[in-house]
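Coordinate inspection notes
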Amino acid sequence: MAKSLRVISVSKPKSMMRPTQWDEAVEEAYRFQLAGYRDEIEYREVQRTDHVDRWPHNGFVKKLIRRDGCFYYYNKTRECPDKQINRTKLYAY
């Protein structure tokens, strides 16, 4: 019988808001949420790493490991389409 391992999040957000227009924070949140994480803090807790691969010229996330072990690779340019902006969640701690 296999046990499923669950990582309990230490840090919990105090509030959540949905953006109305695109900016770099929305792009960052969109990329992490597309990979199945709440934000960079949860990603670092689950993956137990301090390193997130980023594009050197603009700082956007370049590659993330999904929860199932597969990889998400992102382009250098904006990935969040306009219709996904209000579906992205921005968390405050």
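Please refer to the structure higher up on the page.
A brief report on the enclosed structure follows. Please read these numbers as outputs of a predicted model, since none were measured by experiment. (Residues numbered from 1 in each chain as written. Predicted model: local features only at pLDDT ≥ 70, side-chain atom pairs only at ≥ 80, totals over all residues. Heavy atoms only, no water.)

**Observations regarding the overall build of the chain**
Under the convention used in this document: For helices the rule is a DSSP run of H or I covering at least 4 residues; for strands it is a run of E covering at least 2, with both sets numbered from the N terminus onward. Exposed residues in this analysis have more than 50% of their type's maximum accessible area, buried residues have under 20%, and partly exposed residues fall in between, with area computed by a 1.4 Å probe over protein chains only. Contacts are assigned to residue pairs with any non-hydrogen atoms lying within 4.5 Å of each other. In these tables, accessible area is a Shrake-Rupley quantity obtained with a 1.4 Å probe, and a residue counts as shielded only by the protein chains included in the view.
Each helix and strand in the chain was counted, giving two helices and five strands. Secondary structure of the chain in N-to-C order comes out as β-α-α-β-β-β-β. Out of the 93 residues in the chain, the part that is buried amounts to 27%. Across the chain, the fraction of contacts at a sequence separation of at least 24, relative to all contacts at a separation of at least 6, is 62%. For the chain, the accessible area works out to roughly 6,700 Å², and carbon and sulfur atoms hold 52% of it.

**Quick look at the pairing of strand E3 (residues 61-65)**
The following threshold applies: Pairing between strands is defined by DSSP: at least two bridges between them are needed.
Across two bridges, the pairing between strand E2 (residues 53-54) and E3 is antiparallel. Paired with Asp53 across the two strands is Lys63, which belongs to E3. Hairpin connection between E2 and E3: a loop of six residues separates the two successive antiparallel strands, and Gly59 in this loop has a positive phi of roughly 80 degrees. Note: E3 against strand E4 (residues 71-73), three bridges, orientation antiparallel. The residue of E4 that forms the bridge with Lys63 is Tyr73. With antiparallel pairing between neighbouring strands as the criterion, E3 and E4 make up a hairpin whose turn holds five residues, including Gly69 at a positive phi of roughly 95 degrees.

**Some words on the environment of Pro19**
Here Pro19 shows up in the loop between strand E1 (15-17) and helix H1 (24-34). It is 9.9 Å that separates the C-alpha atoms of Pro19 and Gln84, two residues lying 65 residues apart in sequence.

**Brief notes about unusual backbone geometry**
Most peptide bonds are trans, and most residues other than glycine sit at a negative phi. In this structure, Arg48 is a non-glycine residue whose phi angle is positive, near 55 degrees. Looking at where Arg48 falls in the secondary structure, it is placed in the loop between helix H2 (40-47) and E2.

**Quick word on H1**
Rule in force here: Any pair of nitrogen or oxygen atoms within 3.5 Å is treated as a polar contact; in protein, a donor-acceptor pairing is required on top of that, and neighbouring residues in sequence qualify only through side-chain atoms on both sides.
Listed in full, the buried residues belonging to H1 are Val26, Glu27, Glu28, Ala29, Tyr30, Arg31 and Phe32. Among the structural elements, H2, E2, E3 and strand E5 (90-92) are those in contact with the buried residues of H1. Its side-chain oxygen 3.3 Å from the backbone nitrogen of Ala25, Asp23 forms the N-cap of H1. Gly36 sits one or two residues past H1 and shows a positive phi near 100 degrees.

**A word on the sheet that holds E2**
Sheet strands line up and pair through hydrogen bonds in the backbone, either parallel or antiparallel. Short version of the rule: A fitted line through C-alpha atoms serves as each axis, taken over the contacting stretch for helices, and the angle formed by two N-to-C directions is quoted from 0 to 180°.
Pairing is antiparallel in the open sheet, where three strands are placed in the order E2-E3-E4. Each edge of the sheet is formed by a strand with only one pairing partner; in this case those strands are E2 and E4. The strands that H1 touches are E2, E3 and E4; relative to E3, the one it contacts most, it runs at about 25 degrees.

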